[in-house]
Amino acid sequence: MRIFVSSLAAILLLAGCGGRAAPGPVAAESPTHAECRAEARQAPGVAAQSRRVVIGLPSSEERFDQARRAAESRAFTDCLRRRGLARGGGVEPLRQPGF
């Protein structure tokens, strides 16, 4: 029984050591980025999407959430570009297929 318990303890210790990498340091957001993020949350495109959702219909809520995230991301990037912190171009984010 002792061998079993010590084997089990060793296996659990080894299992706890592997798998995930340690999280890296979190970079503090600059004041300009924070202002642009706040501006993006209040953008007209984000507000327009919120008027189109049908509450209680899961497919509508899911589409709204995707459209809201895309509109907020666009507004954030536009704000950064206006302030000279982001250049144009890049890769368009992956969009989930809808039904």
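Below: a short report on this structure.

Cut-offs used in this document
- Residues numbered from 1 in each chain as written.
- Predicted model: local features only at pLDDT ≥ 70, side-chain atom pairs only at ≥ 80, totals over all residues.
- Heavy atoms only, no water.
- Helix = DSSP H or I, 4+ residues; strand = E, 2+ residues; numbered from the N terminus.
- Buried < 20%, exposed > 50% of the residue type's maximum accessible area, 1.4 Å probe, protein only.
- Contact = heavy atoms within 4.5 Å.
- Areas by Shrake-Rupley, 256 points an atom, 1.4 Å probe, with all protein chains shown as cover.
- Salt bridge = Lys/Arg side-chain N within 4 Å of Asp/Glu carboxyl O.
- Disulfide = S-S within 2.5 Å.
- Core = buried A, V, L, I, M, F, W, Y, C linked by side-chain atoms within 4.5 Å.

A closer look at the overall build of the protein
Consideration 1: Per the secondary structure count, the protein includes four helices and zero strands.
Consideration 2: Every one of the 99 residues in the protein was classed for burial, and the buried ones make up 13%.
Consideration 3: For the protein, the share of sequence-separated contacts (at least 6 apart) that also reach a separation of at least 24 residues comes to 58%.
Consideration 4: Of the accessible surface of the protein, which amounts to about 8400 Å², a share of 60% is contributed by carbon and sulfur atoms.

Some points on the pattern of salt bridges
Consideration 1: For the coordinates displayed, the defined rule picks out seven salt bridges.
Consideration 2: A salt bridge links E39 to R82, with the shortest nitrogen-to-oxygen separation between them at 2.3 Å. You can see E39 sitting in helix α2 (residues 31-41) and its partner R82 sitting in helix α4 (residues 58-82), a full 43 residues away along the chain.
Consideration 3: Given the relative accessible area of 34%, E39 is considered partly exposed.
Consideration 4: On the basis of relative accessible area, R82 is assigned to the exposed category, the value being 57%.

Re the environment of V53
Consideration 1: Inspection of the secondary structure puts V53 in the loop between α3 (44-50) and α4.
Consideration 2: In this structure V53 comes out as partly exposed when scored by relative accessible area, which is 22%.
Consideration 3: Sequence separation between V53 and D65 is twelve residues; the distance between their C-alpha atoms is 8.9 Å.
Consideration 4: In this structure, V53 is in contact with S60, E61 and F64, ignoring residues within four places of it in sequence.

Let's talk about the environment of P44
Consideration 1: For P44, the location among the structural elements is in helix α3.
Consideration 2: Linking P44 and A75, residues 31 residues apart in sequence, is a C-alpha distance of 9.1 Å.

As for the state of the cysteines
Consideration 1: The final tally for this structure, using the stated rule, is one disulfide.
Consideration 2: There is a disulfide in this structure between C36 and C79, and the S-S distance comes to 2.1 Å. Here the disulfide of C36 and C79 is left-handed, its torsion about the S-S bond being about -70°. A residue pair is termed long-range when its members are at least 10 positions apart, and C36 in helix α2 and C79 in helix α4 qualify at 43 residues. For the residue pair C36 and C79, the accessibility class agrees, reading buried in each case.

Some details on the nonpolar core
Consideration 1: Residues C36, A40, A43, V46, A71, A75, F76, C79 and L80 constitute the largest nonpolar core, which totals nine residues.
Consideration 2: Put simply, the parts of the chain that give this core at least two residues each are α2 and α4.
Consideration 3: Of all the elements, α4 adds the most residues to this core, at five residues.
Consideration 4: When residues no more than four places from it in sequence are discounted, the contact partners of A40 are V46, E72, A75 and F76.

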